[in-house]
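# Summary of the model geometry
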Amino acid sequence: MASSVEPSSSLFPYASNFVVNGLQVNASQHGSNLIDPGWERLLQNTAPNALHDSKYRFDPPKCDEDTRVEVTEELMEWIQDRESPQRLLCMTGAAGSGKSALQQTVAEKCSRLDILSSTFFFSSTDPTRNTVSTVIPTIAYQLGSSKPALREAISAAVTKDPLIFERSLKTQMNKLIVNPIEDLSRAIPNPELAALPYAILIDGVDECANEQRQAELLATIDDCLLQNDALPFRVFITGRPEWAIRSALEVAGHLHQKAYHIQLSDQYDASGDIRRSLWRRLRDIGRRSGDPRALSPSWPSEEDIETLVINASGQFIYAATVIKFVSERRSSPVDRLQAVLTWTSEDRAQPFATLDLLYTNIVSAAKEAYEAAHPERDFLLLLRVYQMVQESQWITPPLLHLPSLAKILDLEDEAHRWLITDLRAIVTTTMVSSDKLKRWEKVDKCLGEYSERFSDAYSFNLIFKPVVGGWLAFLSNALLDDESHDQEFYRRIQDLYEKWMWFYDENSITPLDNQAEPDESG
């Protein structure tokens, strides 16, 4: 007779009455099955979006192979010259001068050489990376990922002090980065320490909210990394020459003698690189186009390219925006380029005048196309509503699901896609976390239940339409004259917030915390 007893799934399926003495488990060999609370807590305080190869920064700007060659070579030579006494490089330049593209290019080169220690790309529009609070945990995560011994030391520091992420940047830098590296240096030979990845790249410091916090980050890098000769790091920082960076680099500043300073706009003329990039990109667009005019060897003409180079005024962002606009497949690249060539500012004294005109005309063209298809809608008003609702520092609860917002505005689910169809050259979209998606799905479900609960449309609209309709009506006035309506403007936003909080409380939905760091200046 067959036994009905199922075999055990344990390591010793049929054993009984036995003892194992002296059993030891090497955690480093079985780490995938163990929870490391210190490391998990560190991960919760990092900004994955800020990594140079993050999926949230898919297809980031970077230099073409035959552009910015001279400055890229200078940057790489500095990073690889470990005997140089200046271990900080600051590259400043105007908005659109190509700083982020250079930083991305250098990051990828350093990664291929296996000398990239960590990266952090700030972005003023991303609440997870427009604050200094995630910088040091993100750097520490990358350091620990490169060396198991560092990971153990960093994890132990977090476990020992669970409030470490609430402490000053200097304390975080010392406990999570400096101390683990110093401990490791005493445990391994110098050649092995020197072989560790050593390039730390931080892009767009000026895009961090709160200039005082920018200054604190620069001071922390100075105090903890630059003044400690035992550390192997070379740090490359970029940003616009705003107050925090400018004051640190000027003659009386604390970084003046310690930093190698490249002033991108002054030291390098980007016109030649912009010309080469425009030629290659436009010709490539022409080859992929269905318009036979774009396949002609005479498109684009030399005159067209020179007009664009002059309009760019040395700013790569102008060329990049033109390329994105012309590459839109909804219409011919020949027609789109011709439109751009007519958008030429007469104010040559202002380097960004042509860029401003380019942006203005792209929005105007998009407005005309959208309102032709939807004559009953106000394009600019809707665009502003979507922008404001998605910016958590304006409205709480932050980041409504776009389909949820569409329901409230009485629009189709994919309304936002039609809204930005012709704005791809100047509008970016980002992926969101699973936590936000789960909350959004609950909002969607609740909205659906409310619409069913109030069987007549009047009752449903009575609750939501006054909030949205009144707010939209007010915004239309505020957009025309926001200064005269400033107090009322914020009062209406507060009113909207209170009604949304009622909706969230009624349905037991926990709003996402505002991740933007508060302004400590009050």
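What you see is a predicted model; the values in this text were computed from it and never measured. (Residues numbered from 1 in each chain as written. Predicted model: local features only at pLDDT ≥ 70, side-chain atom pairs only at ≥ 80, totals over all residues. Heavy atoms only, no water.)

A separate point is the side chain of R377. By the element assignment, R377 lies in the loop between α15 (353–373) and α16 (379–390). The exposure class assigned to R377 is buried, which follows from its relative accessible area of 16%. Within the structure, R377 has its side chain in polar contact with the side chain of Y370 (distance 3.0 Å). Among all residues touching R377, those that are not within four sequence positions of it are Y370, E371, L382, L411 and E412. (Helix = DSSP H or I, 4+ residues; strand = E, 2+ residues; numbered from the N terminus. Buried < 20%, exposed > 50% of the residue type's maximum accessible area, 1.4 Å probe, protein only. Polar contact = N/O pair within 3.5 Å; in protein donor to acceptor, adjacent residues only side chain to side chain. Contact = heavy atoms within 4.5 Å.)

Okay, helix α1 (residues 37–44) next. An α-helix turns once every 3.6 residues. As a result, residues three or four positions apart point the same way. Taken together, the buried positions of α1 are occupied by G38, W39 and L42. Buried residues along α1 cover an arc of 95 degrees about the axis, so they all sit on one side. Opposite the buried face of α1, by more than 90 degrees, sit the exposed residues P37 and Q44. Contact partners of the buried residues in α1: α4 (135–146), α5 (148–160) and α6 (169–187). (Arc of directions from axis to C-beta.)

The subject of this paragraph is the confidence of the model for the chain. The predicted model of the chain averages 78 in pLDDT, with 70% of residues at 70 or higher. Contacts of residues 454–486 to residues separated by more than four positions or lying in other chains number 42 contacts, the stretch itself having pLDDT below 50. Segment residues 511–522 is flagged for pLDDT under 50; beyond a separation of four residues in sequence, or across chains, it makes 23 contacts in the model. (pLDDT = per-residue confidence, 0-100.)

Take the sheet that holds strand β1 (residues 88–92) next. Across the sheet, five strands lie side by side as β2-β3-β4-β1-β5; this open sheet has parallel pairing. One side of each edge strand has no neighbouring strand; the edge strands of this open sheet are β2 (116–121) and β5 (259–263). Adjacent strand axes in the sheet meet at a mean angle of 15 degrees, parallel and antiparallel pairs treated alike. Judged from the five bridges that link them, β1 and β5 form a sheet pairing that is parallel. Paired with L88 across the strands is A259, a residue of β5. Each of β1, β3 (199–203), β4 (234–239) and β5 is contacted by helix α2 (residues 69–80), which is oriented at about 150 degrees to β4, the strand it contacts most. Each of β2 and β3 touches α4; the most contacted strand, β2, lies at about 150 degrees to it. (Pairing = 2+ DSSP bridges. Axes fitted to C-alpha atoms, helices over the stretch in contact; angles between N-to-C directions.)

Moving on, we come to helix α8 (residues 211–226). The end-to-end C-alpha distance of α8 is 21 Å, a good match for the 22 Å that 16 residues give at a rise of 1.5 Å each. Buried within α8 we find R213, Q214, L217, L218, T220, I221, D222, C224, L225 and L226. Buried residues belonging to α8 abut β1, α4, α6, β3, β4 and α9 (243–249). Between the side-chain oxygen of the N-cap and the backbone nitrogen of Q212 there are 2.9 Å, and the N-cap of α8 in question is N210. (Expected span 1.5 Å × (residues − 1).)

This brings us to the nonpolar core. In this structure, F122, L176, I177, I221, L225 and I237 are the most contacted members of the largest nonpolar core, which totals 50 residues. With seven residues, the single largest contributor to this core is α6. Those residues within four positions of L225 in sequence are excluded, and the remaining contacts are R87, M173, V178, I200, T220, L231, F233 and V235. Formed by 40 residues, the second largest nonpolar core is a distinct cluster that contains L278, A312, L411 and A425. (Core = buried A, V, L, I, M, F, W, Y, C linked by side-chain atoms within 4.5 Å.)

Within β1, five of the five residues are buried, which leaves the element mostly enclosed by the surrounding structure. Here β1 shows a buried face lined by L88, C90 and T92 and a second buried face lined by L89 and M91.

Here we come to a negative patch on the surface. Residues E70, E73, E77, D81 and E83 make up a contiguous surface patch of negative charge. Along the chain, E77 falls in helix α2. (Patch = residues over 30% accessible without salt bridge, like charges linked within 9 Å, V, L, I, M, F, W, Y side chains within 5 Å. Areas by Shrake-Rupley, 256 points an atom, 1.4 Å probe, with all protein chains shown as cover. Salt bridge = Lys/Arg side-chain N within 4 Å of Asp/Glu carboxyl O. Lys, Arg positive; Asp, Glu negative; His and termini not counted. Charge placed at Lys NZ, Arg CZ, Asp CG, Glu CD.)

Cis rather than trans, the peptide bond between W299 and P300 has omega equal to -10 degrees. Looking at where P300 falls in the secondary structure, it is placed in the loop between α11 (271–288) and α12 (302–312). The phi torsion at R68 lies on the positive side, around 50 degrees, for a residue other than glycine. For S313, which is not glycine, the phi dihedral falls at a positive 50 degrees. Within the secondary structure layout, S313 lies in the loop between α12 and α13 (316–326). The partly exposed category is assigned to S313, whose relative accessible area is 35%.

The next subject is the pattern of salt bridges. Overall, the coordinates contain 23 salt bridges when judged by the stated rule. Residue D291 is joined to R293 by a salt bridge in which the shortest nitrogen-to-oxygen separation is 2.7 Å. D291 sits in the buried class, given a relative accessible area of 12%.

Let us now look at the packing of aromatic side chains. Overall, the coordinates contain four aromatic pairs when judged by the stated rule. Ring geometry for F325 against W343: centres 5.6 Å apart, planes inclined by 50 degrees, an arrangement best described as tilted. In this pair, F325 sits in helix α13 while W343 sits in the loop between α14 (333–342) and α15, placing the two residues 18 residues apart along the sequence. On the basis of relative accessible area, W343 is assigned to the buried category, the value being 12%. Centroid distance Y370 to F379: 5.5 Å. Interplanar angle 55 degrees. Geometry classified as tilted. You can call Y370 buried: its relative accessible area is 5%. According to the relative accessible area criterion, F379 is buried, its value standing at 0%. Positioned above the aromatic ring of F121, the side-chain terminus of R57 is 4.0 Å from the ring centre. (Phe/Tyr/Trp six-rings, centres within 6.5 Å; stacked < 30°, edge-to-face > 60°. Lys NZ or Arg CZ within 6 Å of the ring centre and 35° of its normal.)

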